[in-house]
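Structural characterization, general
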Amino acid sequence: MITIVVAMGEKNEIGSDNQLLWHLPKDLKHFKNLTSGHPVIMGRKTYESIGKPLPNRTNIVISRKKDWFEEGILIVGSIKEAVKFAKKIDEDIFIIGGGNIYEQTMDITDKLEVTLVKADLKADTFFPKIDSKAWVKTQEICHEKDEKNPYDFCFQTYEKIKSE
Ligand SMILES: NC(=O)c1ccc[n+]([C@@H]2O[C@H](COP(=O)([O-])OP(=O)(O)OC[C@H]3O[C@@H](n4cnc5c(N)ncnc54)[C@H](OP(=O)(O)O)[C@@H]3O)[C@@H](O)[C@H]2O)c1
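The following paragraphs examine the structure supplied in this document. The shown structure was predicted, so the numbers you read here are calculated from the model rather than taken from an experiment.

Turning to the environment of Leu-21, a few remarks are in order. Here Leu-21 shows up in the loop between strand E2 (13-15) and helix H1 (25-35). Here the alpha-carbon distance between Leu-21 and Gly-9, two residues twelve residues apart in the chain, equals 8.7 Å. Beyond its immediate stretch of four places on either side in the chain, Leu-21 contacts Glu-13, Ile-14, Gly-15, Ser-16, Leu-121, Lys-122 and Ala-123.

Once that is clear, we can look at the pairing of strand E4 (residues 59-62). Taking every second residue as pointing to the same face, both faces of E4 are buried, with Asn-59 and Val-61 on one and Ile-60 and Ile-62 on the other. The parallel pair strand E3 (residues 40-43) and E4 is bridged by helix H2 (residues 44-50), and the resulting crossover is right-handed. When E4 meets strand E5 (residues 74-76), the two strands line up parallel, connected through three bridges. The partner of Ile-62 across the bridge, within E5, is Val-76.

Next up on the list: the site of the ligand. Close to the ligand lie 28 residues, the nearest being Ala-7, Arg-44, Thr-46, Ser-63 and Asn-100. Ile-14 has a polar backbone atom sitting 3.2 Å from a nitrogen atom of the ligand. At a separation of 2.6 Å, an oxygen atom of the ligand approaches a polar side-chain atom of Ser-63. Relative to its unbound accessible surface of 940 Å², the ligand loses 89% to contact with the protein. Taken together, the residues of the shell around the ligand sort by class into eight nonpolar, 16 polar and four charged.

About the thresholds
- Residues numbered from 1 in each chain as written.
- Predicted model: local features only at pLDDT ≥ 70, side-chain atom pairs only at ≥ 80, totals over all residues.
- Heavy atoms only, no water.
- Helix = DSSP H or I, 4+ residues; strand = E, 2+ residues; numbered from the N terminus.
- Contact = heavy atoms within 4.5 Å.
- Buried < 20%, exposed > 50% of the residue type's maximum accessible area, 1.4 Å probe, protein only.
- Right-handed = clockwise from strand over helix to strand, strands pointing away.
- Pairing = 2+ DSSP bridges.
- Near = heavy atom within 4 Å.
- Polar contact = N/O pair within 3.5 Å; in protein donor to acceptor, adjacent residues only side chain to side chain.
- Areas by Shrake-Rupley, 256 points an atom, 1.4 Å probe, with all protein chains shown as cover.
- Nonpolar A, V, L, I, M, F, W, Y, C, P; charged D, E, K, R; others polar.

Written as structure tokens, this is what we have:
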């Protein structure tokens, strides 16, 4: 099972200046619960934005750079290679961004774990449109903003519609 995890705003915005657009501790906890113990695949820019390996997960980072090395992560040169290595570690694989990697992996993904943030923010990076012909929403749990989480948001699960 390949799952994409993403937090996006109402216009599919996910990032600006290589940073996230919000700080939502409840979403970070949700992300940790979903991905801990499983391999996570990300683009080099997302890795640099996080700045260090995510603990308790094999961090697989995709880059075309030949001379780039970071301790504690597995660096691969293609999405195919990333998936090949991740499958050797676990049958549940998580793709965690960013926009460039999401664009290239929607076709090979089985499930989307979306946090829809009820915000409309300026951004330079976006999640691809979720085509209702290809994806069905199977779950939605919404939370209201509070003193630590400045926006309302919903955790949504989408599953790929299997063609007969
Ligand atoms: N809201 C969310 O859930 C979320 C999640 C993750 C990220 N983000 C945000 O998204 C933004 C980063 O996304 P991004 O689209 O700019 O970058 P990205 O997808 O994280 O990384 C792009 C990089 O990945 C490598 N790459 C991409 N496709 C490749 C391929 N087919 N083969 C080999 N290498 C490949 C290249 O690295 P090299 O240049 O090294 O070759 C490319 O520059 C940031 O603002 C971040 O905060 C948001």
